[in-house]
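Chain by chain, the residues run as shown.
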Amino acid sequence: MSKVAFITVLGGGEDYEFFLGCLELHMEEADTIVVLDTSEDPHPPRWAMDSRVLWGNAPGYGKGATKFRFDLALNDAIKIAERAYPKEPFVIVQCDSDEYYECIDEAVRKASEGNLVQVKTIHHIREGQAVEFGESEWHRRIWP
């Protein structure tokens, strides 16, 4: 099966807490975890020191709902993942800071065959609490 790279764009603050709640689950599924931190703080959190976490700080994407350039940040996170696997096929799994997916093995298999895969996102709100928002939470988030 293909290598699996999870990618997440963070904005600092509570995003760190949300992501930390999902990180253990991501570690079970991913070969590499790419985190593009768009906050002003250039110092990585302790969890970013794991050898499978590729952490980068890049605060130049703007702030706020109307000025933040998520599309550019996401594309840069994808480029980091591509540099991690320059000569071998891999699957990208995109997550927001508070998201994870249950049982993604089948989705990763489909993506490794060349498909864009839609999955249901589950949100980590706080320790021990996960929330499913229903049918609106199906997104195309896994691709080769």
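Look above for the structure.
These remarks concern the structure in this document. (Residues numbered from 1 in each chain as written. Predicted model: local features only at pLDDT ≥ 70, side-chain atom pairs only at ≥ 80, totals over all residues. Heavy atoms only, no water.)

### A closer look at the overall build of the protein
- If you tally the helices and strands in the protein, you get three helices and nine strands.
- Reading the protein from its N end, one meets helices and strands in the order β-α-β-β-α-β-β-α-β-β-β-β.
- The buried share of the protein, reckoned over its 144 residues, is 47%.
- Partitioning the contacts of the protein with sequence separation of at least 6, the portion at a separation of at least 24 is 58%.
- Summing over all exposed atoms, the protein offers an accessible surface of approximately 8100 Å²; the carbon and sulfur share of this is 49%. (Helix = DSSP H or I, 4+ residues; strand = E, 2+ residues; numbered from the N terminus. Buried < 20%, exposed > 50% of the residue type's maximum accessible area, 1.4 Å probe, protein only. Contact = heavy atoms within 4.5 Å. Areas by Shrake-Rupley, 256 points an atom, 1.4 Å probe, with all protein chains shown as cover.)

### Here we look at helix H2 (residues 70-84)
- End to end, H2 covers 21 Å across 15 residues, agreeing with the expected 21 Å (1.5 Å per residue, within 8%).
- Those residues of H2 that fall on the buried side of the exposure criterion are Ala73, Leu74, Ala77, Ile78, Ile80 and Ala81. What you see down the axis of H2 is that its buried residues fit within an arc of 155 degrees, all on one side.
- Looking at the packing, one finds that the buried side of H2 touches strand S1 (3-10), strand S2 (32-37), strand S3 (53-57), strand S4 (90-94) and strand S9 (138-143). (Expected span 1.5 Å × (residues − 1). Arc of directions from axis to C-beta.)

### Re the pairing of S9
- In the sheet, S4 pairs with S9 via two bridges, with the strands oriented antiparallel. For Ile92, the partnering residue across the bridge sits in S9 and is Trp143.
- Bridging between strand S6 (residues 117-120) and S9 involves four bridges; their strand directions are antiparallel. Each residue of the ladder has a partner; that of Gln118, found in S9, is Arg140. (Pairing = 2+ DSSP bridges.)

Read these as geometric descriptors, not functional statements.
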